[in-house]
Every structure is written in C-alpha cells, then in structure tokens.
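Architecture and fold: a report
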Amino acid sequence: MAGFLGRLRSAFSARTVARQVFSLQAAIVVLLVVAAAVALVLQSRADSEREARNRSLAVAETFASAPGIEEAVTGPDPTAALQPRAEEARKASGVDFLVVMTTDGIRMTHPDPAQIGRHYIGTIGPAAAGGIVRETVTGTLGPSTRAVVPVTDAEGEVIALVSAGVTLDAVDGVVDHQLPLLLGAAAAALAVATFGTALVGRRLRRQTHGLGPAEMTRMYEHHDAVLHAVREGVLILDGDGRLALANDEARRLLGLGPDAEGRPARELGLAPDIARLLASGREATDEVHLAGDRLLAVSQRPTDHGGGPSGCVATLRDTTELQAVTGRADVARERLKLLYDAGWEIGTSLDVERTSQELADFAVPRFADFVTVDLADPVLRGEEPSEGRAAMRRVAFRGIRDDTPLYPPGELIHFVPSTPQSLGYGSGETVLEADMTAFSGWQAQDPERARGLVEAGIHSMIAAPLRARGVILGVVTFWRSREPEPFEHDDVTLAEELAARAAVTLDNARRFTREHTMAVTLQRSLLPRALPEQNALDVAHRYLPAEEGSGGVGGDWFDVIPLPGARVALVVGDVVGHGLHAAATMGRLRTAVHNFASLDMAPDELLWHLDELVTRIDQDESGGDDAPVTGATCLYALYDPGSRLCTMARAGHHEPAVVRPDGSAAFADVPGGPPLGLSGLPFETAEIRLPEGCSLVLYTDGLVEDRTRDIDEGLELLRRTLAHPGRTPEQTCDAVLDALLPQQPSDDVALVVARTRALDSARTAVWDVASDPSAVGQVRAAVARTLAEWGLQEGSFTTELILSELLTNAIRYASGPVRVRLIRDRALICEVSDGSSTAPHLRRAAITDEGGRGLFLVAQFADRWGTRYTADGKVIWTEQPLPPDPSDDVHRHPG
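In this text the structure is predicted, and so the values were computed from the model without any measurement.

Moving on, we come to helix 19 (residues 711-722). The first and last C-alpha atoms of helix 19 sit 17 Å apart over 12 residues, in line with the 16 Å expected at 1.5 Å per residue. Taken together, the buried positions of helix 19 are occupied by Gly714, Leu715, Leu717, Leu718, Thr721 and Leu722. In an axial view of helix 19, the angular spread of the buried residues amounts to 160 degrees, which keeps them on one side of the axis. Two to three positions downstream of the cap, the backbone nitrogen of Asp712 sits 3.1 Å from a side-chain oxygen, assigning the N-cap of helix 19 to Asp710.

Further remarks concern the pattern of salt bridges. This structure, assessed with the given rule, holds 35 salt bridges. Linking Glu383 and Arg381 is a salt bridge whose minimum nitrogen-to-oxygen distance equals 3.5 Å. What makes Arg381 partly exposed here is its relative accessible area of 43%. Arg401 is the salt-bridge partner of Asp403, the closest N and O atoms lying 3.2 Å from each other. One salt-bridge network, held together by shared partners, links Arg567, Asp600, Arg821, Glu831 and Arg868.

Across the interface, helix 16 (residues 580-598) lies against helix 17 (residues 603-620) with an axial gap of 10 Å and an inter-helix angle of 145 degrees. Both helix 16 and helix 17 take part in a crossing whose hand is right-handed. On helix 17, the residues touching Arg588, Leu589, Ala592, Val593, Phe596 and Ala597 of helix 16 are Leu606, His609, Leu610, Leu613, Val614 and Ile617. A class-by-class count of the residues in the contact of helix 16 with helix 17 yields 10 nonpolar, 1 polar and 1 charged.

Another aspect to go through is helix 22 (residues 796-813). Compared with the 26 Å implied by 1.5 Å per residue over 18 residues, the 26 Å span of helix 22 between its first and last C-alpha is a close match. Among all positions in helix 22, only Ser796, Thr798, Thr799, Glu800, Ile802, Leu803, Ser804, Leu806, Leu807, Ala810 and Ile811 are buried.

With that settled, consider the environment of Gly726. Along the polypeptide, Gly726 turns up in the loop between helix 19 and helix 20 (729-740). On the accessibility criterion, Gly726 (72% relative accessible area) is exposed.

Let us look at the nonpolar core. By size, the foremost hydrophobic cluster in this structure holds 55 residues, and its most contacted members are Trp557, Leu570, Leu610 and Tyr636. Counting residues in hydrophobic clusters, the runner-up holds 45 residues, among them Ala368, Phe415, Ile472 and Leu506.

The next subject is the environment of Glu488. With respect to the helices and strands, the residue Glu488 is situated in the loop between strand 15 (471-480) and helix 15 (489-526). Under the relative-accessibility criterion, Glu488 is labelled partly exposed at 47%. The sequence separation of Glu488 and Leu432 amounts to 56 residues, and the corresponding C-alpha distance is 8.1 Å.

Within the secondary structure, Arg567 is located in strand 18 (residues 567-578). Polar contacts involving the side chain of Arg567 include one to the main-chain carbonyl oxygen of Pro564, which spans 2.7 Å. With near-sequence residues (within four places) excluded, Arg567 lies in contact with Ile561, Pro562, Asp600, Leu638, Tyr639, Asp640, Pro641 and Arg868.

Another point: unusual backbone geometry. Following Val364, the chain continues into Pro365 via a peptide bond in cis, with omega recorded as -5 degrees. Inspection of the secondary structure assignment puts Pro365 in the loop between helix 11 (352-363) and strand 10 (370-376). Even without being a glycine, Arg469 presents a positive backbone phi close to 55 degrees. Unlike most non-glycine residues, Arg644 shows phi in positive territory, near 55 degrees. Looking at where Arg644 falls in the secondary structure, it is placed in the loop between strand 19 (632-640) and strand 20 (645-651). For Arg644, a relative accessible area of 31% gives the class partly exposed.

So, on to the confidence of the model for the chain. Low pLDDT marks stretches whose predicted atomic positions should not be read closely. Averaged over every residue, the pLDDT of the chain is 80; the share at 70 or more is 81%. Considering only residues more than four positions removed or in separate chains, one finds that residues 845-851, a stretch of pLDDT under 50, has 7 contacts. Overall, residues 887-895 carries pLDDT values under 50, and its contacts beyond four positions in sequence, including any with other chains, amount to 19 contacts.

Here 5 strands make up an open sheet; going across it, the order is 6-5-9-8-7 and the pairing antiparallel. The open sheet has two free edges, formed respectively by strand 6 (243-246) and strand 7 (284-291), since each of these has just one partner strand. When strand polarity is set aside, the average angle formed by the axes of neighbouring strands in this sheet is 25 degrees. Two elements, strand 7 and strand 8 (residues 294-302), share 6 bridges in a ladder whose sense is antiparallel. Its bridge partner lying in strand 8, His289 is registered against Leu296.

Turning our attention to the pairing of strand 29 (residues 827-834). For strand 29, a buried count of 8 out of 8 residues is recorded, marking the element as mostly surrounded by other parts of the structure. Here strand 29 shows a buried face lined by Ala827, Ile829, Glu831 and Ser833 and a second buried face lined by Leu828, Cys830, Val832 and Asp834. Taken together, the 6 bridges between strand 28 (residues 818-824) and strand 29 define a ladder with antiparallel strand orientation. Across the sheet, Ile823 pairs through a bridge with Ile829, a residue of strand 29. Here strand 28 folds back onto strand 29 in antiparallel fashion, the turn holding 2 residues.

Attention now goes to the packing of aromatic side chains. Two aromatic rings are characterised by how far apart their centres lie and by the angle between their planes. One pass over the full model with this rule turns up 4 aromatic pairs. On the basis of an interplanar angle of 20 degrees and a centroid distance of 6.5 Å, the ring pair of Phe370 and Phe397 is categorised as stacked. Residue Phe370 is located in strand 10, and its partner Phe397 is located in strand 11 (residues 391-399); the two are separated by 27 residues in the primary sequence. Each of the two residues, Phe370 as well as Phe397, counts as buried. Centroid distance Phe439 to Trp442: 5.7 Å. Interplanar angle 15 degrees. Geometry classified as stacked. Take Trp442: its relative accessible area is 6%, and that puts it in the buried class. Taken together, the ring pairs in this structure connect Phe367, Phe478 and Phe487 into an aromatic cluster. The side chain of Arg449 reaches across the aromatic face of Tyr407, ending 4.0 Å from its centre.

The strand order across the open sheet built from 5 strands is 27-28-29-31-30, with neighbouring strands paired in antiparallel fashion. A single partner strand is all that each edge strand has here, and the edge strands are strand 27 (764-769) and strand 30 (864-869). The average undirected angle you get between the axes of adjacent strands in this sheet is 15 degrees. Those strands touched by helix 21 (residues 775-789) are strand 27, strand 28 and strand 29, and its axis lies near 170 degrees from that of strand 27. Sheet strands in contact with helix 22 are strand 27, strand 28, strand 29 and strand 31 (874-881), and its direction is about 15 degrees off that of strand 29.

Parameters at a glance
Residues numbered from 1 in each chain as written. Predicted model: local features only at pLDDT ≥ 70, side-chain atom pairs only at ≥ 80, totals over all residues. Heavy atoms only, no water. Helix = DSSP H or I, 4+ residues; strand = E, 2+ residues; numbered from the N terminus. Expected span 1.5 Å × (residues − 1). Buried < 20%, exposed > 50% of the residue type's maximum accessible area, 1.4 Å probe, protein only. Arc of directions from axis to C-beta. Polar contact = N/O pair within 3.5 Å; in protein donor to acceptor, adjacent residues only side chain to side chain. Salt bridge = Lys/Arg side-chain N within 4 Å of Asp/Glu carboxyl O. Axes fitted to C-alpha atoms, helices over the stretch in contact; angles between N-to-C directions. Left-handed = near helix turned anticlockwise from the far one by under 90°. Contact = heavy atoms within 4.5 Å. Nonpolar A, V, L, I, M, F, W, Y, C, P; charged D, E, K, R; others polar. Core = buried A, V, L, I, M, F, W, Y, C linked by side-chain atoms within 4.5 Å. pLDDT = per-residue confidence, 0-100. Pairing = 2+ DSSP bridges. Phe/Tyr/Trp six-rings, centres within 6.5 Å; stacked < 30°, edge-to-face > 60°. Lys NZ or Arg CZ within 6 Å of the ring centre and 35° of its normal.

Below is the structure:
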C-alpha cells in the first residue's frame, strides 16, 4: 500500500502541470472503466443465458415439427435417419447439442455417437405428456441450459421427444468475446482524456516546448555552434521571403553582407536563378545553380510542415570540384560506350570495303566530323601490303557534309613522307596534327588542296595506322572542323582503340578475300571457259557463284562434251559443301566425267564408275576425324542428233526440264538414283526422243531452292518460266535467272539450256555390207560417189583407204551384220559397225609380220579414231578434217 501511494504521489508531483492533469484524469478514467466493465459482464451473462434458453426452445420446436421427423421416428432405423439431420441442424442453429429420444428417454441421436442408446439425463415427464421442459442440468456435455419438446403424430399422440441446449461454457464464451469491446471502449475513453490534457498544455508547450531554463540555454549554445561550424550553407527565410538567418558558410558562398538579414531574397544581389528559387519557397533537392565561378547544389524545404512557422530553409553545397571529377568520369564512360558500340557496328561482314565504310560511318559525328580510310592496294585483293610504300587507295569517306577538298573514295594516293598518313603508315604510330592552320608540313602533299581544307574549317586531324597481327594495312584519318577545340592526347588514345578494333576485322576480311579469291580462281580454272564446237545442240549457259558471306565457293559444275558420231553429252553436277575442298573435288569429278565419256560409256555405266570414284575419294581422305565426307549429285544426258534420242541418268540430282517447240514445259521422267558416294546401288537410264527445236534444261539446286520458298514451289516456278515458245537459249537463261535467282544466293547456280538440232539425212549415208571381201570394193565405190556429191573429192582417197582397212578387219575377224555410216558434220565421220564385242588394238608390226599395219595406217590418216560399244556389238569410228566452206550451213551455226 505504501508503495502504491508513493507511486501515486510521484505522479501528482510531476514537474509540469500538463503531466499532473494527465495523471489525475487517467486514474479517474481507469476507475470508471473498471466499474462499467463489471456491470456489463454481469448484464451480459444474464442476457446470454436468456438468449440460450430461447434459442434452445426454438431449435427443439423447429426440429420436432420439421417434415419427415414423424416418418423417421417410426421407421425401422430411426438413428440412421435422424442422426445426420440432427447434426446438420445443430451446426446450422449454433446449439451445442440436439437429441432425439423416445418417450422413455432413450437417445436416438447425440453429438457423441457413443451416447446413442443411453438414457437421457434430465426431466422429460412434462414433455412426454405433451408439455415443454426448460431447465439447467448437468449432462454428458457438462452444465447446460436446455429445452425438451414432444414430437406428435397426426392424431396428436406423443411419439418421441426432442431436446436442444447450449452449454454454460458457450454462454461464458460469449461474455469473453465481449471483453475486447469493453477494453476498446476503455482505451477510447483514455484517449479522449489524453486529448483533453493535450489541449490544456498546448499553449504552455508552444512557449517553452516543455523545456526548463537550463535546457533552453544549452539548446541555443549548441544551435550557434552547429549552425556556424557546418560546411554547408544554411539560409532561413520567413513567410514574407525575407532572410531571417544565414550561417557563415552561406555568407561565404553567396557573398552576403553583414546587413543581409531582414532583406527580401531578390534584393540580396544573388544569381537570378538562386534568387528566384529562394523567393518562390518551393521544394528543391540538389538543384545545381551557378553562383559566380562556383556550382552550388541547392536544397530547399518549407518550415510550416507539422504546424511550424511559415517560411523555408535552404542548404547550399559547393560542387565545383565534384562536377569536374564527374565530368571526367562521364567522358570516360562515353568513350567506353563508344568502343563497346564499335565492336557491334564495325565488322558486320567479311568485306574489306564495307568494313572500312562502317568504321567511317560509326565515327561520324560521334568522334570526328570527317573520317577517311586509306588502305594499301594489295589489301583489297586479299594480299599483304608491300613494305615501305605509302601509296594507298581511299576506300571509305564519311563527313558531316560533302563539299570538302578531301580526296574522293577510289582514288590512289601517293602520300609524301612529311604527311601524317605516311608517317603513321611507316612507323606504326598514331600522328596528331593539333593545329593544321600552322601548316607544319602536312600540306606538302597538295598545297592547294591543303589551303582548301583549312578554308573549309578543318583545323585538326589524327592519323591512326590500321595494324593487325604485326601488319599495317592502311591508315584511318579523323578530321575535326565543327568543334573549335583541337584533338587532344585523350582523343589519340580513343582513335588508336577504334583503329585497333577495326584493323582486326579488316585483316579477317582480307584473309577471307584472299581465300575466297583463291577458291574462285581454282573453281574458274576448273570450269569450262568456252563451250566446244558441235552441231547437235545450240547451248547457252550461266554460272553464278554464291555470295561471299554464304559459305564461299561451291562445287557446282557443268559441261558440254562432244562425242563420236556427232553426239553430245551434257553434264550438270553439284558437290556438297563450299570452299576449296568442294572446288577441288568438283575438278576431280569433272575430269573423271571427261575420261569416262571418252570411253563412250552409257549414262548409267558412267555414273556407276563416278560413284566408285567418289567412294575411293572418301576412303583416301578418311584419315582424320574431321575429314569432310564427299557427297555429290550428277545428271548425265547423251543426245544423238541422227536419231534425236536423248539418253539420261541421274544420281541424286533434280530432273531436267524439257521445253517443246510449242512452248509446253515439263520435267523429264528420269529414274532417280542415289547421290554419288553411297556405293553399290544401281542407276537407271531413260530414253526420250526429242523433236528438233526442243530445249533441254539442266540446273543445280541453287536455282530452285531458297529459304523463302519450298522446293516444290521453286520447281513449279521454273516450269512456268520455261513454258514460253520462241525463246532462244540465251533468252531462256535470262528469263529463268530473273524469275528464280534470289537476291543473295546462298549456293552456286549452274544453268544449261540446250536446244536440239537434227542431223540432216542429206549429210549421212549408210550401207549394209555383206560378209564377203569382194563387197569392200563396192562400198568404196559408193563412198567415192557420195563424197563427190558432197564436194569432198580431195579426201576421197584417204577415206577409201581408211574404210578398206576397217571393213577388211570387220569381215575377217568379226561377225555380222557389218554396216558403214558416213556423216558430214564439222568433220567427216566414218563408222564401221559389226556384231563383235572384241576391240582392235593399235600395235607396231615387225618387219617380218605380214599383217598388223591396218590400224596403224588408220591412225596416221585420221585425226581421231576410237571404238564404242553398242547393245549389238561395237562401232569403230574415225574423223577427218573438212576443208573450210563459207557457204556451208554448218559453219554458219557455231555450237
């Protein structure tokens, strides 16, 4: 008790009146709250019990009179029917139990299933007689307020009882739930009392802020010490915009006089921007303003927040040195970003000229006003530059305007030794010409042009050599005109970085150009430079290599091969891949096709031998894990103008297109064989008889395949393009390329268009020869007459001699039938066919030999001779030159 009184005395003896009033009022409120809480708890408990009785009675009566209760009670299993309904009703109504029992008190339902079948605890007599029971009893769930009502049948007879109740614990819980409300009300009353106390002490706090005299003295002493010792300027302005207080730092930064206090901000002689900011009173955070030669960061806040006096407080910081450091950091950051962007924008392709132009485009105007790139001439060809020569070709130019006396792109410039370009190219060091107007020697290249450059405003330049892997490729020159400041040493460093990055890309492009040039040169040397002369076909062709950025030179090839008997072979092939390996493989296959064709093989047999060759190539080159696998496709067509029969076979290649004289176009049905190199699979031939004037179109997949369309669409577009009558082969080639060639071909394109001709019957003569030596003379006489009709009497003796030897061998050593055919084409062709498959061989006869000189004589008198095999035997042929005849139709239609 003594302790409580002591604490109470201490509270009432507080230093301030506000605290005493607050303590007294708080004690009164606490006593009132306690009394009110006790009364409310008692009243609440009484109300809760009354509400519990009423609810129990209402729930019991409602459930007893519910539909289906009578049927459930009288049913065979009342518990099964009533237990779920009773539990559902109990939970929905909020009572603690709902029990259905017999008139004898035996439970049929209960919240605890274990209590079902036991006797009900409580009074049930009045209810069994048709009345109502309301009581408070301690049952299986504890003390509870309950009601018991009867369940009657249609005649009014009591057949069961229903009891509903609420436990006293639930009633107490309701009271407990109301306690937070009581406590909240008490807290609200206490808050109201506190607010009243605050109103009483408000004026006193305004005057003294609750401080004693000693505290007030210390506050003012610390205020002066802190205000004048800080390194930031502090200004306090009142609500009228007049200066109320300025510390020493603010006076120094703004140059304020001793009489500054009390004057409006606009009359203090401040910088206009700072004066407007102080007079406006608006909020500001680190706004940078110029005050004389200083950069001040000004922050300003109003003082009337929270009920304070009107006015504002401004702080000043000198950021002059910080701005200088920040400026240098910004410049360094910009230059790093410039170099980063250069890595993305310079060198997007492996093209020397394009890369040089990208360097010029990138640097203008971000670094210089004009940029020129000069490279040694060999670099443009993919070669390394020669040492000691300062002759360079201007490859790229970019400027903020074009009307300058600078050398234009494409010109070869011989720089004199005193120019920065020559010095930089020779030494490998960057040369800075900070003041071009001084004419310190750079003008010796072209004095008149130099004066024009200075008159155009160009006053400073940097010549940076383009060095990569120890080789100087050229010089990039940066020129400045728009900015008055000249280039500095920091700019030289940046120029060197740009030049170094561009030089690596230029060197890569140079190396690629060299390799591409080598591959193109090899490929061009392996492809036919001119088509051979022949009369069977009128041929036009196109060959277009892929773009440089699409993988390099490919392995596409074509060929026109004249064969004995005025026949012509057409070949189109494609080696998988690009580069030197593909080009070299193409050359090997083309040579092999020539050799196999000279043996007069059938198309399917030729492709079989070619497949064997490709398989051997793969076996020979399979020494390393990364050795490329050779794959190739080929189409071989053999055309005979005498029979107009075209025999074709293909190995993995697209079918050729046939354009009829009426303009209809379709793809020839040639059986598709596997690509070359799969080995062991047969090839099939197709024979088509072509009318004169019909066009045979052979092509590689680069013509019809494209990333933007399907292969079937490309083939259909080719067919529609070819379906046009009256075109020459040259016109057909142009039309096909215009319609199908992509903008940037990713693969080589080879196209051959051959229009057929028929061999005139007046130019051929055929004789069947009996197997009798006496028939040789008759044939010789007939040949002599035919040659006379053709105007070839001068060569009659030689032809008769050759024919006699061939016929004699055929009659003596071969089997019939023997046939002679004479053809007048670009040469005089003599063919002797028989039924034997044994080929004669040329040999030198000894002095003692009686025979063996026939073929030797044939080889001496004929330009060419050979043997080809047919399905029925063989043909031995010879060719003899014809005398020139300007009127001859043959020579008016070169192949």
